[in-house]
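Results of the structural survey
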Amino acid sequence: MSIDAIASMRRTAFTIGALPYWWPRAATLAFYADLADGPADCVVLGETVCSRRNEMKPGDWLALARELRDSGLEVVLATLPLLSSEAEWRAVRELAAQEEFLVEAGDASALQALELAGEQRGHAPRFVIGPHLNVYNPDALREHAALGAVRWSAPVELAAAAIAHVNPPQARVRGPHGEVATEAWGFGRLPLALSARCFTARHHRLRKDACEFRCRDDADGLRLDSTEGQAFLCINGTQIQSAGLHVVLGEWPALRAAGVERLRLSPCSRGFSDVLRTFDAVCNAQADATDALRHLREIDLPGALVDGYARGAPGMAQALA
């Protein structure tokens, strides 16, 4: 795809990924209130790490979803990507049964719940394929599209060429609701692994069921350094993240040419509004990516900028423009 063709494509949309950390209720609500006045297009709401986090209950997320929808944002409700109890499975089924908002499938259990809900309604549900689902080839995407997927959030380690192979921009995968849109991870700590064991509780020598909710003390997770003192990973309850903040501004032309229509920006506790405005300037107002990266390095973000996965390199590679 030529540069002229890229430039003629419609505006890049921004999805704000589900909040991966346990913030105080007031801080959570303030964060989402700020989004209503910015260039975000879509917000993913819900708990995607640990069901023991109860600062925001299901009814609270739904109330927030309606407020954000009324402010003009698209809202998607997320499911847990790793279930470990009947209560968690029941919560997934309840999300799949509601038709007020799109659901983002966190794992195969959500696909099953959505399929069951669709059979009861008599038509395929519309849903989003979350980044934790293993969709790495066109056949897999076609299977999900047949179930009702309308959007695919690519696994975080896929480079532009791989994304284009799975959902080619000139021959989009289609399902009962039309073409499947492609979204890529644009900013934030990368979700690398999930476990039934709580890494934060183990760090504090506590059991998972008596964790004292220590992850509330880490607004951006707990950084883990290598023996050489290099920032390596981040512990976030049952989740392991990258220490670096993945940022694709330098690779944006290649991603756009690969058919990426939306970028997912994952929340952090500092500088996020500035990040969102910077992405909008580069992706939709042709601002210089080198200047934008320089600006992001100067603000108070909770990690170094990396972009290795986006260009087919090790994920920890420092971001280039």
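Before reading on, note that the structure itself is shown above.
What comes next is a walk through the structure. (Residues numbered from 1 in each chain as written. Predicted model: local features only at pLDDT ≥ 70, side-chain atom pairs only at ≥ 80, totals over all residues. Heavy atoms only, no water.)

With that settled, the discussion passes to the packing of aromatic side chains. Inspection of the entire model under this criterion finds seven aromatic pairs. Ring centres of Trp22 and Phe213 lie 5.2 Å apart, and the angle between their planes is 85 degrees; this geometry places the pair in the edge-to-face category. One end of the pair, Trp22, is in the loop between strand 1 (13-16) and helix 2 (25-35); the other, Phe213, is in the loop between helix 8 (199-203) and strand 10 (222-225), and 191 residues separate them in sequence. Residue classification places Trp22 among the buried residues on the basis of a relative accessible area of 4%. You can call Phe213 partly exposed: its relative accessible area is 25%. Centre to centre, the rings of Phe31 and Phe272 are 5.4 Å apart; their planes meet at 50 degrees, and the pair counts as tilted. (Phe/Tyr/Trp six-rings, centres within 6.5 Å; stacked < 30°, edge-to-face > 60°. Helix = DSSP H or I, 4+ residues; strand = E, 2+ residues; numbered from the N terminus. Buried < 20%, exposed > 50% of the residue type's maximum accessible area, 1.4 Å probe, protein only.)

With that settled, the discussion passes to the environment of Val166. The topology assignment puts Val166 in helix 7 (residues 160-166). Once the C-alpha coordinates of Val166 and Asn137 are considered, the two residues, 29 residues apart in sequence, prove to be 4.7 Å apart. Other than its neighbours up to four places away in sequence, Val166 contacts Val135, Tyr136, Asn137, Pro138, Leu141, Trp152 and Val173. (Contact = heavy atoms within 4.5 Å.)

With that out of the way, let us pick up the pattern of salt bridges. Here the structure, examined in full by the defined rule, presents 25 salt bridges. Among the ionic pairs, Asp280 bridges to Arg11, the shortest N-O distance being 3.8 Å. Linking Asp280 in helix 10 (residues 272-285) with Arg11 in the loop between helix 1 (3-8) and strand 1, this pair joins segments that are 269 residues apart in sequence. Its salt-bridge partner being Arg207, residue Asp209 comes within 3.1 Å of it at the nearest N-O pair. A relative accessible area of 57% places Asp209 in the exposed class. In this structure, a network of salt bridges that share partners links the residues Glu74, Glu104, Arg151, Glu183, Arg262 and Arg264. (Salt bridge = Lys/Arg side-chain N within 4 Å of Asp/Glu carboxyl O.)

Quick look at the environment of Ala219 now. With respect to the secondary-structure elements, Ala219 resides in the loop between helix 8 and strand 10. On the basis of relative accessibility, which here comes to 33%, the residue Ala219 falls in the partly exposed class. When near neighbours in sequence (up to four residues on either side) are disregarded, Ala219 contacts Tyr21, Trp23 and Ser269.

Further remarks concern helix 4 (residues 86-97). The terminal C-alpha atoms of helix 4, which comprises 12 residues, lie 16 Å apart, in line with the 16 Å expected from a rise of 1.5 Å per residue. Where helix 4 is concerned, the buried positions are Glu88, Trp89, Val92 and Ala96. For helix 4, the arc enclosing every buried residue in end-on projection is 100 degrees, short of the 170-degree limit, so these residues lie on one face. Tucked into the core, helix 4 has its buried residues touching strand 4 (102-105) and helix 5 (108-121). (Expected span 1.5 Å × (residues − 1). Arc of directions from axis to C-beta.)

This part is about the state of the cysteines. Scanning the model with the defined rule gives zero disulfides in all. In this structure Cys50 is a free cysteine whose sulfur lies 6.3 Å from that of Cys198, the closest cysteine sulfur available. On the basis of relative accessible area, Cys50 is assigned to the buried category, the value being 13%. Here Cys215 is not cross-linked by a disulfide; its sulfur's nearest cysteine counterpart is in Cys211, at 6.3 Å. (Disulfide = S-S within 2.5 Å.)

Honestly, that's just the spatial picture; any functional story needs more than this.
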